[in-house]
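Commentary on secondary and tertiary structure
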Amino acid sequence: MNAGHVEGGWELLQARGDEVEIHLQGGRVVQVRSELRLGAAARVVRAGRLGAATATGEVDRAELLERAGSAADLGLASGFAFPGPGTYGPIATYDPQVASLRAEELCELALDCDRAFQGLAGRSLPGALLRRTTAEVGIENSSGVSGSFSRTEMQVRLEGGSKTWVSRFSPHLTIDPGRLTEELARRVEAAQSRAGPPEGTMPVLFAPSATAYLLQPLVANLDGGAFASGASAFSGGVESPFKPEFWLWEDGTLDGFTGSAPFDGEGVPTRRSVLIGAGRQLGMLLDCATAARLGRAPTGTAVREEFPGLPVPGVNNLEMASGQDPSPRLIGDMELGLVVYDLMSEDALLSSGFAAQVHSGLLVRGGRVRGRVENAMVRLDLFAALRAVETLFSSDRENVGGTFLLPWVLIQGVAVGRG
Amino acid sequence: MTAVAENWLELLDRHLRARPARYADARYLLRDTLRIRVEDDQSNVHFERTRGGFVRAAIDSAWGGAAFNTKDQLPGACEMAWSAARMTGGKPMVIAGAPPAVARLRLKPRSDPRGIPAAEKAALMRQAVEVMRASPRVVSARATYTETVGTRFVVTDRGSAVEEEFMELAVALRAAARAGDVTELGNFDCASGNDFAAVRSCLAGAREAAAAAVQLLDAEPVEVGRRTVVLHPTLAGTLIHESLGHFCEADNVLADEYLEKKMRIGARIASPILDISDDPGVTGARACYRYDDEAVEARRTALVREGRLVGLLHTRQTAARFGVEPTGHARTVGHRFAPLPRMSVTCIHPGLSTLDELLRGAEGGIYMSRSFGGETEGENFHLSAARVHRIEGGRIGTPLRSAAVIGNTFEMLKSLDGVADDQVLVDGSFYCGKGDQYPLAVGMAAPHIRVADVMVGPI
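Within each chain, residues carry numbers counting from 1 in the order of the written sequence. Just so you know, chain letters begin at A and ligand numbers begin at 1, following the order they were written in. With the structure being a predicted model, the display of local features is reserved for residues of pLDDT at least 70 and the display and counting of side-chain atom pairs for 80 or more, all residues being used for whole-chain, interface and lining totals. In computing side-chain properties, one takes all heavy atoms of the structure into account and sets aside hydrogens as well as water.

Points about the overall build of chain A
Elements are defined by DSSP. Helices are runs of H or I of four residues or more, strands are runs of E of two residues or more, and each kind is numbered from the N terminus. Along the backbone of chain A there are 10 helices and 20 strands. For this measure, only C-alpha atoms enter the radius of gyration; the expected value for a globule follows 2.2 Å times N^0.38, where N is the number of residues. Relative to its length of 419 residues, chain A is compact, with a C-alpha radius of gyration of 23 Å against a globular reference of 22 Å. Viewed in the frame of its principal axes, chain A has a C-alpha envelope of about 70 × 55 × 35 Å. Three labels apply to residues, based on accessible area from a 1.4 Å probe with only protein chains included: buried if under 20% of the type maximum, exposed if over 50%, partly exposed otherwise in between. Residues classed as buried in chain A amount to 60% of the 419 residues present. Only heavy atoms enter the contact rule, under which two residues are in contact if any of them lie within 4.5 Å. The long-range share in chain A, meaning contacts at least 24 apart out of those at least 6 apart in sequence, stands at 69%. Positive charges come from Lys and Arg, negative ones from Asp and Glu, while His and the chain ends are left out of the count. For this purpose, a charge sits on NZ of Lys, CZ of Arg, CG of Asp or CD of Glu. Separation between the mean location of the 38 positive side-chain charges and that of the 49 negative ones in chain A comes to 5 Å.

This is the structure:
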């Protein structure tokens, strides 16, 4: 890459890839969508100021860097510096079997799922989405970073009606449609009958998919930007640490997770780092810019959410420690309570206390599921719940959305009402 | 611009003509965005250039579609789309017709941002941050300016060829105030589809955001429970967008048996004082357009009249399924996806009450303004209000912390018991998501509304 004309530092990320997805409705394929992608993102530091430019399509590198330089001229001086070279570990991000999947094969896989569901539930899948994605990513900068990798991602989402669905994400072709449809059929059966929402204070068991929602305010408070601005609850220290069984890791190296990669969005090697250890806040999420503001080293957690967007602090993958009891036992021990699969709440607000509508949940009475709950609302304070001795984490964990490895979380004394 | 435009319209048309289909269309997007984000003493300026297109064909029972970035990729994308469209066999889908449209539509901004140096815009955002930071107890402030200017090209195999320029300007401000371990946020946003003067008004908004964040530090949290709420037009519009608006998107109705039963034309779904329409023709709104992404002329579409459902938002495909004409609401985010029925500017028609009358009838209730956003899943909705006050003595009284209104859409629509006469266009920094397609600029025109007996809780 020739970027010698750029004064100050520069960075250039280039990406190309393709995607195929199949939409199924009522057992019929209704759309086959393909995509060819090509794009680049440049950042330039000029006179201590950082600027950026991105483009899709064929990119003239020199022009892109020049535009990033023009953007830098409009910015404020900062202590930002591009990272130097690091050692990238071998991480399995690419599966040739996924990469070679053709649209016809995905269609057949979708119809297999439908046939399996029909065999179990006696009707077609109301909806399904199967998608496979490939990408090649390369990054270089003026400080000597030079790296590239290829990645694949396979996504299957099956909808069963009555607000039930299951989904799996993986870099590999390890998703088992048979097991997935069985899981969906079980959830559909449990949700067949409706139950009115109970009112009062009771235990609520959050499935891993709902735990991902619960953790949003915690993750927002661990964002380096929130520390830099003083807005994080951890900036001044939370009142007391969480319970010692609570551990949370950021891990960009987890095998089988779609957020894994040898390096983050700025070329910093990914790693496993403790965010919460034995209930105490030990780490935070930093990209190079927030790291510079805080006088710390970046943590390999710069995430580019858009294609080919700019890096911001985020999580590659998030892992939460498991507990002692399997989730079926946690349900079996409940006299009256809820199992919640999905919540509706605002993303990434910093406040740990919130009320949220239960989008998908089940009523438990006498240790048995009695039907799906409609129009229920739960209210709790996450930080208080994570401090409470009686909060339990399940021994079984699930991959949620390809980037979270989370247990079921049982919280006592949750206020439940009619939403 | 003209030379480029002719190339794309002709190029897309040539590729469509070369491949027979029951229906086919092609789009290309040229979009340039300037993003300026200032947070405390940090800034990030970003020039973004998007070039990409989408071709799709209906031959049998399924759509085949392919997205691409460059001219060189276009033939391959067409091959993929047509091959996919032939893959499924089955009964061919029916696509509704629309009069062929041939048009080249240029922007006519009231105040054109393209003539204003980017440095001036960056300085304005820095100034907004300084204004917020000047407020005691504000620990952090952020100002974001987004300016998008672009051209959409849409060609169909039924003779349409449309080139339409568009513009989206938006400012979002956020102040964070902190006392002890309590952090509260105050926000302000403003937007326009044709007028940079709206952006210049953000300095007053900066003072408002900072004051709101500080005020919230000393505010009490809202008590959980069912209340009568009076909603500012921003929240009224967001509520109707999230609750009813998505139900009026015809593909959502077709995909859900429960909704299909509920959303029958003529069914009473809301209080009889409620009239709602969706209008892509509201001049000055970011979601204003003349032709949709299927080259169908957009039109104001009545959705609810006196509480009864009178219409839905359609693409060509859903219109054919319902046996009606397409409404011009086929919209996409960028170039990567096929069009879906989407809202543009959703309008609650003005009622007969005044705001004072609404407040007088809501003693002990809650007044909510400024939106943090909302969400809908099935018939459940969730709406977050940044600013909340008790209603005391028929007036907006003691401030409370941010809160959410949550509930069941159909129950809420029937307990809506007041619509004020003060409708305004509220074109803030509102973006809608549907499936993978986010962010799509949308707007609302709404008056104050009052809803009885709805669940309110803290966020």
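After that view, the rundown keeps rolling.
So, the environment of A:Ser229
By secondary structure assignment, the location of A:Ser229 is in helix H7 (residues 224-229). When its relative accessible area of 6% is taken as the criterion, A:Ser229 is described as buried. Linking A:Ser229 and A:Arg293, residues 64 residues apart in sequence, is a C-alpha distance of 9.4 Å. If near-sequence neighbours (up to four positions away) are discounted, A:Ser229 is found in contact with A:Arg293, B:Asp40, B:Val139 and B:Ser140. Polar contacts here mean pairs of N or O atoms no more than 3.5 Å apart (in protein, one a potential hydrogen donor and the other a potential acceptor; neighbouring residues in sequence count only if both atoms are side-chain atoms). Reaching out from A:Ser229, the side chain makes a polar contact with the backbone oxygen of A:Ala226 at a distance of 3.2 Å.

Re the packing of aromatic side chains
Only Phe, Tyr and Trp rings are paired, with Trp represented by its six-membered ring, and only when their centres lie within 6.5 Å; those with planes under 30 degrees apart are stacked, over 60 edge-to-face, the remainder tilted. This model, assessed by the stated rule, comprises 17 aromatic pairs over all chains. On the basis of an interplanar angle of 45° and a centroid distance of 4.8 Å, the ring pair of A:Tyr88 and A:Phe263 is categorised as tilted. Here A:Tyr88 is found in the loop between helix H1 (61-73) and helix H2 (96-99), whereas its partner A:Phe263 is found in the loop between strand S9 (248-251) and strand S10 (272-277), with 175 residues between them in sequence. Seen from their ring centres, A:Phe246 and A:Phe393 are 6.0 Å apart, and the 50° between their planes marks the pair as tilted. With A:Phe246 in the loop between H7 and S9 and A:Phe393 in strand S19 (residues 392-400), this pair connects stretches of sequence that are 147 residues apart. When its relative accessible area of 0% is taken as the criterion, A:Phe246 is described as buried. The class of A:Phe393 is buried, set by a relative accessible area of 5%. Lying over the aromatic face of B:Phe410, B:Lys262 brings its terminal NZ or CZ to 4.8 Å of the ring centre. Working rule: Lys NZ or Arg CZ, within 6 Å of ring centre, within 35 degrees of ring normal, means a charge sits over the ring.

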